[in-house]
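Each chain, written out:
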Amino acid sequence: MTGFGNAAQHSEAASVSIELKAVNNRYLKVSMRLPDYLARFESDVERLIREEIARGSVQLSIRVRLLAETSGYSIDTSVLHGYVRQLTALQNDPEVTDSRVPGLSDLLPLPGVVTEADVNPDVVEAVWPVLKSTLQEALLHFHEFRQHEGESMRQDLKLQCETIAGQLEEVATHAPDVVAEYRSRLLERIRRAVQETDVEIDENDLIREVALFADRCDINEEITRLRSHLEQFHRFLDSERSMGRKLEFLGQEMFREINTIGSKANNVTIAHSVVEMKSAIERIREVLQNVE
């Protein structure tokens, strides 16, 4: 599920600011951007994230300003002088229309002018405590953001379940009409056939045909299972633990029961209810893609 958290802290060694963003993903994928001299802490940072986040595509941006004597960056004067010589030569080229003399602000962003210097290992070690503390604070803010969003999702999921439950009661109410309507249609077809031909219909054959149809279109088991799935879905929603994968599985099972009801029950009213329930299931699927 989506989320955002940030934090900034200072110590005698460094000033650290962190931004943590996450977008939807079925699995956990972590990408981070941090200074090269802190690459040794990349596995530790990822471990802290994986302890707190189970799903999502997480983007982590870490900015560090060293407060020790070494800044971690230096200007390569030889590269800078090389750029100056080339630009000076171009000023005398008649094909060059811009003869403006570049200043330092133009030259410093050029590749190779500013380089990252080697940082003392002791300074790097001193950065880790404040880096870890800042990341933990950013994760705390991240969880607060997700909890607020998660509550909105939970209410949406409950609303969709209520829609399914209401339509399911409509289905249960009209389920007995399916056999009665089939029996009426069958009797009408037989009446017409008898009027047009000399065929005699055995009443036992009629009863057997209606009984076979009643067995084929019986949806009581599907209704019972769907009710059970809805009850379990509500229990999972009210759980304090992360139930995203279990909710996804239950959503698949509910769709299977609804689909079976639609294929077995030959009734217009039930068909309309099935359409409404499938629409609610699709919404549940969309929301569950964002749930951890």
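Coordinates for the structure precede this section.
Everything quoted here is computed from the prediction, not taken from an experiment.

Engineer: Even after reading the chapter, I still don't get the overall build of the protein chain, so can you show me in this structure?
Structural biologist: A count of helical and extended segments in the protein chain gives eight helices and six strands. Taking all 292 residues of the protein chain together, the buried fraction comes to 36%. Across the protein chain, contacts joining residues at least 24 apart in sequence account for 80% of those joining residues at least 6 apart. Carbon and sulfur atoms form 50% of the exposed surface of the protein chain, whose accessible area is close to 17,600 Å².

Engineer: Looking at this model, I keep getting lost on the packing of aromatic side chains. Mind explaining?
Structural biologist: Centre-to-centre distance and the angle between the planes together describe a pair of aromatic rings. Summed over all chains, the structure comprises one aromatic pair. Both rings, one in Phe-41 and one in Trp-128, keep their centres 5.0 Å apart while their planes meet at 25 degrees; by these two values the pair is stacked. Residue Phe-41 is found in the loop between β3 (28-33) and α1 (42-52), and its partner Trp-128 is found in helix α4 (residues 121-196); the two are separated by 87 residues along the sequence. Its relative accessible area of 17% is what places Trp-128 among the buried residues. Directly above the ring of Phe-255 sits Arg-285, whose terminal nitrogen or CZ lies 4.4 Å from the centroid.

Engineer: Is there a simple way to explain the pairing of strand β4 (residues 56-66) in this structure?
Structural biologist: A regular strand places its side chains on the two faces of the sheet in alternate fashion. Within β4, eight of the 11 residues are buried, which leaves the element mostly enclosed by the surrounding structure. When strand β2 (residues 14-23) meets β4, the two strands line up antiparallel, connected through 10 bridges. Residue pairing for β4: Glu-19 is matched across the bridge by Ser-61. Note: β3 against β4, six bridges, orientation parallel. Within the sheet, the bridge partner assigned to Arg-33 lies in β4 and is Ser-61. Handedness of the crossover is the feature at issue here: the chain leaves β3, passes through α1, returns alongside β4, and the resulting connection is left-handed.

Engineer: I tried to follow the packing of helix α7 (residues 244-264) against helix α8 (residues 268-288) on my own but got confused; where do I start?
Structural biologist: In a pair of packed helices, the angle between the axes and the distance between the axes together describe the arrangement. Following both chains from N to C, one finds α7 and α8 inclined at 165 degrees, their axes separated by 10 Å at the closest point. On the basis of their axis angle, the class for α7 and α8 is roughly antiparallel. The way α7 lies across α8 gives a crossing that is left-handed. Every residue of α8 that contacts α7 at Leu-247, Glu-248, Gly-251, Met-254, Phe-255, Ile-258, Asn-259, Ile-261 and Gly-262 is listed here: Ile-270, Val-274, Met-277, Lys-278, Ile-281, Ile-284, Arg-285 and Leu-288.

Engineer: Got a minute to help me understand the sheet that holds strand β1 (residues 3-10) in this structure?
Structural biologist: What holds strands together in a sheet is hydrogen bonding between their backbones, with the strands either parallel or antiparallel. Strand order in this open sheet of four strands is β1-β2-β4-β3, and the pairing throughout is mixed. Whereas interior strands pair on both sides, the edge strands pair on one side only; in this sheet they are β1 and β3. Recorded for the sheet is a direction-independent mean angle of 15 degrees between the axes of neighbouring strands. This element, α1, spans β2, β3 and β4 of the sheet and lies at about 140 degrees to β3.

Engineer: Looking at this model, I keep getting lost on the packing of helix α6 (residues 220-237) against α7. Mind explaining?
Structural biologist: With their axes 10 Å apart at the nearest point, α6 and α7 run at an angle of 160 degrees to one another. Of the possible angle classes, the one that applies to α6 and α7 is roughly antiparallel. For α6 against α7, the interelement crossing comes out left-handed. Taking contact as the criterion, the partners of Glu-222, Ile-223, Arg-225, Leu-226, His-229, Leu-230, Gln-232, Phe-233, Phe-236 and Leu-237 in α6 are, on α7, Lys-246, Leu-247, Leu-250, Glu-253, Met-254, Glu-257, Ile-258, Thr-260, Ile-261 and Lys-264. Looking at side-chain class alone, the contact of α6 with α7 contains 11 nonpolar, three polar and six charged residues.

Engineer: Explanation requested: the pattern of salt bridges in the structure shown.
Structural biologist: When the charged atoms of two side chains with opposite charge come close together, those side chains can pair. Summed over the entire model, instances satisfying the criterion amount to 16 salt bridges. For Asp-156, the salt bridge identified is with Arg-283, shortest N-O distance 2.4 Å. Here Arg-283 lies in helix α8 and Asp-156 lies in helix α4, a separation of 127 residues in the sequence. As a salt-bridge pair, Glu-282 and Arg-285 come within 2.9 Å of each other at their nearest N and O atoms. Here the residue Glu-282 and the residue Arg-285 both occupy positions in helix α8, the gap between them amounting to three residues, near one helical turn.

What counts as what
- Residues numbered from 1 in each chain as written.
- Predicted model: local features only at pLDDT ≥ 70, side-chain atom pairs only at ≥ 80, totals over all residues.
- Heavy atoms only, no water.
- Helix = DSSP H or I, 4+ residues; strand = E, 2+ residues; numbered from the N terminus.
- Buried < 20%, exposed > 50% of the residue type's maximum accessible area, 1.4 Å probe, protein only.
- Contact = heavy atoms within 4.5 Å.
- Areas by Shrake-Rupley, 256 points an atom, 1.4 Å probe, with all protein chains shown as cover.
- Phe/Tyr/Trp six-rings, centres within 6.5 Å; stacked < 30°, edge-to-face > 60°.
- Lys NZ or Arg CZ within 6 Å of the ring centre and 35° of its normal.
- Pairing = 2+ DSSP bridges.
- Right-handed = clockwise from strand over helix to strand, strands pointing away.
- Axes fitted to C-alpha atoms, helices over the stretch in contact; angles between N-to-C directions.
- Parallel < 35°, antiparallel > 145°, perpendicular 65-115°, else oblique.
- Left-handed = near helix turned anticlockwise from the far one by under 90°.
- Nonpolar A, V, L, I, M, F, W, Y, C, P; charged D, E, K, R; others polar.
- Salt bridge = Lys/Arg side-chain N within 4 Å of Asp/Glu carboxyl O.

Geometric values such as these leave the question of function open.
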